[in-house]
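# Structural description and commentary
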Amino acid sequence: ILYCLSDRAVMRSNPLNVSLFLSLSPIPSTSTTSAKIQVNGVHLHYRQTGEGSHAVLLLPGMLGSAQTDFGPQLKSMNKQLFTIVAWDPRGYGQSIPPSRDFPPDFFERDAKDAVDLMQALKFKKFSLLGWSDGGITALIAAAKYPTLVHKLVVWGANASVTQEDVRIYNGIRDVSKWSEKVKKPLEEMYGHEYFAKTCEAWVDGISRFAEKSDGNICQQLLPDIKCPTLVIHGEKDPLVPRAHAEYIHKHIKGSR
């Protein structure tokens, strides 16, 4: 998660922004399960709540987790209509070990982990709600596993990386310059050293996409997304220019 740097994080504070798309409304919260399950050789942590027939996976952003990114959604989404799962990708949150790394295919790896997690939990079909890096992961998963994904909501996502994006990313490389409000929950979860090291590694990892002539992450996959898709963007997002959301919307047929 690039945490709460702007209204890019609007979905953290207002989970009902997706209500018109997924037909949900808040009801009193029920108990939430916290557990780990082995997927692709890694013990992935997840939180699960609700008893509805419509399964939804919440995918966090860089350095994010179910705990840091999706408290409002786990609390307020309709537990009668939905079964909500929020996961910690490998190397994030409580899915450590392993330590987080960023090989060239880390988004594809996360997409496979996410889908395999939901199948391990016995969900035959599910919707994806992803933001920031989790949005990119959700785009790839929806494209590569179309028979499993019911609906898709992404916000703060991008399908490519430009040189301007790299300049922006390098602006957050040094976590000592982050605001205390943003920094504190991540340092509490990871400790300063892991937090700082992983942020630097993320900047290096995602910046490598800009070395390609088109900066491509998953542009070629967008036309393969067939499920109903909602693309959300924060007008004041300091990390992802609006052009990225417009590109995603343009290249996913029928998206809103």
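Residues numbered from 1 in each chain as written. Predicted model: local features only at pLDDT ≥ 70, side-chain atom pairs only at ≥ 80, totals over all residues. Heavy atoms only, no water.

Identification of the protein as BPHL hydrolase from Centropus unirufus is taken from an unreviewed UniProt entry.

## Let's talk about the nonpolar core
Spelled out, the test is: To define a nonpolar core, start from buried Ala, Val, Leu, Ile, Met, Phe, Trp, Tyr and Cys residues and group those joined through side-chain atoms within 4.5 Å. In this scheme, a residue with accessible area under 20% of its type's maximum is buried, one over 50% is exposed, and one in between is partly exposed, where area comes from a 1.4 Å probe on protein chains only.
Formed by 68 residues in total, the largest nonpolar core has its most connected members in Phe126, Leu128, Leu139, Leu152, Trp178, Trp202 and Ile225. Formed by 15 residues, the second largest nonpolar core is a distinct cluster that contains Met77, Ile84, Val153 and Trp155.

## Observations concerning empty space enclosed by the protein
For clarity, the threshold we go by: Put simply, the grid is 1 Å and covers the protein atoms alone, a cavity is a trapped set of points that fit a 1.4 Å probe, a pocket is an open set with protein on both sides within 12 Å along at least five of seven lines, and lining residues have an atom within 4 Å of a point. Grid points are joined across faces, edges and corners, and a volume is the space filled by probe spheres set on the points. Secondary structure counts use DSSP, requiring at least four H or I residues in a row for a helix and at least two E residues in a row for a strand, with both numbered from the N terminus. Polar here means any residue outside two lists: the nonpolar Ala, Val, Leu, Ile, Met, Phe, Trp, Tyr, Cys and Pro, and the charged Asp, Glu, Lys and Arg; Gly therefore counts as polar.
Taken as a whole, this structure holds 2 cavities of 30 Å³ or more when the rule is applied. If you add up the space inside the largest cavity, you get close to 50 Å³. Taken together, Leu59, Pro60, Gly61, Trp87, Pro89, Tyr92, Arg100, Asp110, Asp133, Gly134 and Thr137 make up the full set of residues lining the largest cavity. Counting residues per element, the lining of the largest cavity draws most heavily on helix α6 (residues 133–144), at 3 residues. For the lining of the largest cavity, the per-class residue count stands at 5 nonpolar, 3 polar and 3 charged.

## A closer look at the environment of alanine 159
Defined as follows: We call two residues in contact when some of their heavy atoms are within 4.5 Å.
Looking at where alanine 159 falls in the secondary structure, it is placed in the loop between β6 (149–155) and α7 (163–170). Exposure remark for alanine 159: the relative accessible area of 2% places this residue in the buried category. On a C-alpha basis, the gap between alanine 159 and tyrosine 247 in space is 8.0 Å, while along the polypeptide they are 88 residues apart. The residues touching alanine 159, leaving out its near neighbours within four places in the chain, are Asn216, Ile217, Cys218, Gln219, Leu222, His244, Tyr247 and Ile248.

## Focus: the pairing of strand β4 (residues 82–88)
Convention followed: In this scheme, strands are said to pair when DSSP sees at least two bridges between them.
Counting buried residues in β4 gives 7 out of 7 residues, a clear majority hidden from the surface. Of the two faces of β4, the one lined by Phe82, Ile84, Ala86 and Asp88 and the one lined by Thr83, Val85 and Trp87 are each fully buried. As paired elements, strand β2 (residues 42–49) and β4 share 5 bridges and run antiparallel to each other. Bridge pairing links tyrosine 46 to tryptophan 87 in β4.

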